[in-house]
Amino acid sequence: VIGKTVELFAHTKNEEEIPIELSLSTWTVRDERYYTGIIRDIRERKRAEENLRMSEQALRASTEELKKKNEVLQRTLNKLHETQDQLIIQEKMASLGKLSAGMAHELNNPASAAQRSAEQLKAIFHQLQEVNVKLGELKLEQKQLEKVQELDELIRERAKHPVSIDAIIRSDRETVMEEWLEQHGIEKAWDLAPALVELEWEDTELLTLTDYFTPSQFPVVVDWLGCTHTVHSLLSEINLGTNRISGIVKALKTYTYMDQAPVQNVDIHEGLDNTLIILHNKLKKGITVHRDYAEDLPTIQTNGGELNQVWTNIIDNAIDAMKGNGTLLLRTRKENLWVVVEIEDNGPG
């Protein structure tokens with residue numbers, strides 16, 4: 001053990017066993033070898049080492065306990081995330097249910113109108129064919145044919161822009177027109193009168209036709225006039241209904257971004273307008289919408305579908321706050337690098 005340090009146990013005068021550290025060294029003087037031994041009491045060091053060992057064990061135990069707690073916490077967080085995801089899905093399903101109900105109503109109105117117009121068109125079209133045969137049998141002169149062509153163009157144009165007449169005024173005009181037609185020997189006057197009133201014709205205008213057509217031709221021309229106007233009016237109604245359906249479907253498709261990537265360039269104004277179309281069933285009950293859109297508003301990179309859900313929730317809450325009657329203001333602007341959208345209602349709160 002010369003030149004080394006070893007740890008031993010020694011006994012004190014009180015017969016207490018204590019740990020010691022022994023270091024031996026040697027040297028030679030005049031051929032005489034000498035030894036030197038150094039003994040150190042290492043009880044404090046041993047206690048410190050024992051404390052350190054105990055601390056390490058406690059730390060390992062604490063680390064294991066903390067690890068277990070972290071695992072429990074992670075499992076809890078995972079469950080919370082799953083619950084949150086389920087709540088989000090439930091909320092989306094509830095919103096989808098409300099949205100679907102509203103959209104079904106919105107689609108049903110123009111679809112029903114187009115269907116009714118199509119059914120009426122079937123009946124009147126057969127009647128128009130019969131009138132056209134009678135018109136062909138009249139062997140009209142060139143001047144008369146040109147007048148018929150002029151009337152046809154007038155009917156087409158006015159069918160595109162139907163007039164809005166008060167119900168009482170309309171009824172009075174139809175009564176006067178029906179009486180006039182009966183006085184001039186026109187059959188089915190009650191059937192032709194509404195169409196002629198819708199055409200904005202009065203007895204004075206019908207009288208001008210007598211300058212072009214003979215008494216035997218006049219009833220056929222008036223019958224053709226009423227049937228033709230009815231046909232074009234029904235076609236316009238069908239066109240309006242189907243265009244309305246097409247617009248709703250297009251808005252819904254854009255609203256949900258079903259055929260696009262999750263993140264894309266989004267036009268904020270288009271998203272707001274499509275949301276208004278989706279919620280039209282609730283808005284039309286008494287909500288006035290004002291748009292104050294900035295012309296220089298840029299598109300933004302975002303998830304368009306989720307952003308539209310934000311507009312839907314806010315606007316839907318605004319409608320509820322106004323109890324279906326009030327003013328809704330949509331305002332947009334560019335502010336430095338930001339796009340700002342403000343949705344304001346005049347409801348309480």
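Above this note sits the structure.
Everything numeric here is computed off the predicted structure, so don't read it as measured data. (Residues numbered from 1 in each chain as written. Predicted model: local features only at pLDDT ≥ 70, side-chain atom pairs only at ≥ 80, totals over all residues. Heavy atoms only, no water.)

## Section: the overall build of the chain
Put simply, the test is: Starting at the N terminus, helices and strands are each numbered in turn, a helix being any DSSP run of H or I of at least four residues and a strand any DSSP run of E of at least two. The globule rule used for comparison is 2.2 Å times the number of residues to the exponent 0.38, while the radius of gyration itself is calculated over C-alpha atoms. Each residue is assigned to one of three classes by its accessible area relative to the maximum for its type, calculated with a 1.4 Å probe on protein chains only: buried under 20%, partly exposed between the two thresholds, exposed over 50%. The contact criterion used throughout is that any non-hydrogen atoms of two residues lie within 4.5 Å. Using a 1.4 Å probe, accessible areas were evaluated by the Shrake-Rupley method; residue-level cover was limited to the displayed protein chains. Residues scored as positive are Lys and Arg, those scored as negative are Asp and Glu, and His as well as the terminal groups of each chain are ignored. Positions of charges follow a simple convention, taking NZ of Lys, CZ of Arg, CG of Asp or CD of Glu.
Within the chain, the secondary structure is distributed over 9 helices and 8 strands. For 349 residues, the compact-globule estimate of 2.2 N^0.38 gives 20 Å, and the chain exceeds it by more than 25% at 47 Å. Residues counted as buried form 30% of the 349 residues belonging to the chain. Relative to all contacts within the chain whose residues are 6 or more apart in sequence, the contacts with residues 24 or more apart total 65%. Surface summary for the chain: the accessible area is close to 23300 Å², and the carbon and sulfur share equals 53%. Across the chain, the centroid of the 41 positively charged side chains sits 13 Å from that of the 58 negatively charged ones.

## Comments concerning the packing of aromatic side chains
The line we're drawing: Only rings of Phe, Tyr and Trp enter the pairing, Trp through its six-membered ring, and a pair is recorded when the two centres are within 6.5 Å. The plane angle decides the type: under 30 degrees is stacked, over 60 is edge-to-face, the rest tilted.
Tallied over the entire structure, the rule returns 2 aromatic pairs. Centre to centre, the rings of Y212 and F213 are 6.5 Å apart; their planes meet at 45°, and the pair counts as tilted.

## Thoughts on the nonpolar core
For clarity, the threshold we go by: In plain words, nonpolar cores are sets of buried Ala, Val, Leu, Ile, Met, Phe, Trp, Tyr and Cys residues tied together by side-chain atoms within 4.5 Å.
L181, L206, L209, V222, W224 and L225 are the most contacted members of the largest nonpolar core, which totals 34 residues. Taken together, the elements giving at least two residues each to this core come down to helix 1 (43-137), helix 2 (142-160), helix 3 (167-183), helix 4 (189-198), helix 5 (203-209) and helix 6 (218-256). Among the elements that make up this core, the one with the highest residue count is helix 6 (10 residues). Beyond its immediate stretch of four places on either side in the chain, L209 contacts K147, L151, W201, F218 and L225. Judged by nonpolar contacts, the second largest core, of 17 residues, contains L279, W311, I319 and M322.

## Considerations on the sheet that holds strand 8 (residues 338-345)
Threshold: Each pair of strands is called paired provided DSSP finds at least two bridges between the two strands. Axes, fitted as lines to C-alpha atoms, cover a helix only where it is in contact. Angles between the N-to-C directions of the axes lie from 0 to 180 degrees.
Sheet architecture is open: 3 strands sit in the order 5-7-8, paired in mixed fashion. Each of the sheet's edge strands pairs with one partner strand only, and the pair in question is strand 5 (287-292) and strand 8. When strand polarity is set aside, the average angle formed by the axes of neighbouring strands in this sheet is 15°. In this structure, strand 5 lies alongside strand 7 (residues 326-335), joined through 6 bridges in parallel fashion. In the sheet register, I287 faces strand 7, and the bridge partner there is G326. Set on the sheet, helix 9 (residues 304-321) makes contact with strand 5, strand 7 and strand 8; between it and strand 8 the angle comes to about 20°.

## Some thoughts on the sheet that holds strand 3 (residues 32-41)
Taking strand neighbours across the sheet as the criterion, the 3 strands line up as 1-2-3 in an open arrangement whose pairing is antiparallel. Strand pairing shows two members of the sheet lacking a second neighbour, strand 1 (5-11) and strand 3, which therefore form its edges. The sheet shows a mean angle of 40° between the axes of neighbouring strands, taken without regard to direction.

## A closer look at helix 3
Here is the rule we go by: Working rule for helices: expected span equals 1.5 Å times residues minus one. It is the directions from the helix axis to the C-beta atoms whose arc is reported.
The first and last C-alpha atoms of helix 3 sit 24 Å apart over 17 residues, in line with the 24 Å expected at 1.5 Å per residue. Of all the residues in helix 3, the buried ones are M177, W180 and L181. What you see down the axis of helix 3 is that its buried residues fit within an arc of 95°, all on one side. Set apart from the buried face of helix 3 by more than 90 degrees, the exposed residues are A167, I168 and Q183. Once helix 3 ends, the next one or two residues include G185, with phi positive near 70°.

## Looking at the side chain of Q144
Within the secondary structure, Q144 sits in helix 2. With residues near it in sequence (within four places) discarded, Q144 still touches Y212, F213 and Q217.

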